[in-house]
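# Commentary on secondary and tertiary structure
One letter stands for each residue in the lines below.
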Amino acid sequence: MKIGYARVSSFDQNLDLQKDALEKAGCERIIIDKASGKNTQRPGLQTIKDILRKGDVLIVWRLDRLGRSLKDLIEWVNYLETNGAAIKSLEESIDTTTATGKLVFHLFGALAEFERQLIRERTQAGLAAARARGRLGGRPKSLSEEKRKLAIKLYDEKKISVKEICEMMSISKPTLYSYINAKKVKDENRLSAKAD
């Protein structure tokens, strides 16, 4: 059986283009989800798992309708292969019912794994180089209470720019603003406690 899967991210988006393409491809059943691609727990995907049988072909208009990342797609292809089913993408012309389609998809998977390994190796090399120079990796230590108060005082005086304060204290703008907001909350809590 040919099972079509269509997805839109929001309820106001139109599914007609996908449905027309899936019907033209001969899908006997079309499963629809209206959910973000980030959400991997979609009711339509669960329905597909429930009805999928050996020899079935899952057809999508484009691969990004099925999964947002290559990792998600590879997991789906592996799931389908394990269950004796295949996947076909109409726009990308990928069809794992053919030897060439399987090869292309496995190349994608190999490239994704290669990229993950490169990132891991670069990160390890960068950390080793930093340690060799006596620097430790990770998040910088936060300012002491005295330095926080000084940074807020400089900000309140408005004599030097935010950029200069951040450079002087070796902190980012969001960090400075988080100190300022924390002080405001603390002051508001103190005032409300006095009022009670």
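Every value quoted in this text rests on a predicted model; they were computed, and no experiment measured them.

## Some points on the nonpolar core
Grouped together as the largest cluster of nonpolar side chains are 20 residues, with contacts concentrated most on Y5, I48, L58 and L66. Considering each element in turn, this core owes the most residues, five residues, to helix α3 (residues 70–82). Setting aside its immediate chain neighbours within four residues, L66 contacts Y5, R42, L45, L58, V60, L73, W76 and I87. Core analysis: the second largest hydrophobic core is formed by twelve residues, L154, V162, I165 and Y179 among them.

## Some words on the packing of α3 against helix α4 (residues 99–132)
Describing two packed helices takes the angle between their axes plus the distance from one axis to the other. α4 packs onto α3 with a crossing angle of 135° between their chain directions and a minimal axis gap of 10 Å. One element, α3, and the other, α4, form an angle in the oblique class. Crossing of α3 against α4: the hand is left-handed. Across the interface between the two elements, L70, L73, I74, V77 and E81 from α3 touch K102, F105, H106, F108, G109 and A112 from α4. Looking at the contact of α3 with α4 residue by residue, the classes come out as seven nonpolar, two polar and two charged.

## Observations concerning the pairing of strand β3 (residues 57–60)
Alternating residues of β3 divide into V57 and I59 and L58 and V60, and every residue in both groups is buried. Pairing geometry for strand β1 (residues 2–8) and β3, over four bridges, is parallel. Residue pairing for β3: G4 is matched across the bridge by I59. With four bridges joining them, β3 and strand β4 (residues 86–89) adopt parallel strand pairing. Note on β4: the bridge partner recorded for L58 is I87. The β-α-β motif built from β3, the intervening α3 and the parallel element β4 has right-handed crossover chirality.

## Re helix α2 (residues 43–51)
Listed in full, the buried residues belonging to α2 are G44, L45, I48 and I51. Seen from one end, α2 has its buried residues packed into an arc of 135°, which puts them on one side. Packed against the buried residues of α2 are β1, β2 (29–34), β3 and α3.

## Description of unusual backbone geometry
Non-glycine residue S93 carries a positive phi angle of around 55°. Of note, S93 is situated in the loop between β4 and β5 (94–95). Of note, K158 is a non-glycine position whose phi angle comes to about 55°, a positive value. As for its placement among the helices and strands, K158 is situated in the loop between α5 (145–157) and α6 (162–169). You can call K158 exposed: its relative accessible area is 67%.

## Points about the packing of aromatic side chains
Two aromatic rings, taken as a pair, are described by how far apart their centres are and by the angle between their planes. On inspection of all chains with the given rule, the structure shows two aromatic pairs. Both rings, one in W76 and one in Y79, keep their centres 5.7 Å apart while their planes meet at 75°; by these two values the pair is edge-to-face. Of this pair, W76 and Y79 are both found in helix α3, three residues apart, which corresponds to roughly one turn of the helix. The class of W76 is buried, set by a relative accessible area of 10%. Residue placement shows K49 over the ring face of W76; its charged tip is 5.4 Å from the ring centre.

## Some points on α4
Side chains three or four residues apart in an α-helix point the same way, a direct result of the helix having 3.6 residues per turn. Taking 1.5 Å per residue as the helical rise, α4 with its 34 residues ought to reach 50 Å, and the 49 Å between its terminal C-alpha atoms agrees with that figure. For α4, the full list of buried residues reads G101, F105, G109, A112 and A130. Tucked inside the fold, the buried residues of α4 contact α3 and β5. The first or second residue beyond α4 is G134, which carries a positive phi of 85°.

Cut-offs and rules
Residues numbered from 1 in each chain as written. Predicted model: local features only at pLDDT ≥ 70, side-chain atom pairs only at ≥ 80, totals over all residues. Heavy atoms only, no water. Core = buried A, V, L, I, M, F, W, Y, C linked by side-chain atoms within 4.5 Å. Buried < 20%, exposed > 50% of the residue type's maximum accessible area, 1.4 Å probe, protein only. Helix = DSSP H or I, 4+ residues; strand = E, 2+ residues; numbered from the N terminus. Contact = heavy atoms within 4.5 Å. Axes fitted to C-alpha atoms, helices over the stretch in contact; angles between N-to-C directions. Parallel < 35°, antiparallel > 145°, perpendicular 65-115°, else oblique. Left-handed = near helix turned anticlockwise from the far one by under 90°. Nonpolar A, V, L, I, M, F, W, Y, C, P; charged D, E, K, R; others polar. Pairing = 2+ DSSP bridges. Right-handed = clockwise from strand over helix to strand, strands pointing away. Arc of directions from axis to C-beta. Phe/Tyr/Trp six-rings, centres within 6.5 Å; stacked < 30°, edge-to-face > 60°. Lys NZ or Arg CZ within 6 Å of the ring centre and 35° of its normal. Expected span 1.5 Å × (residues − 1).

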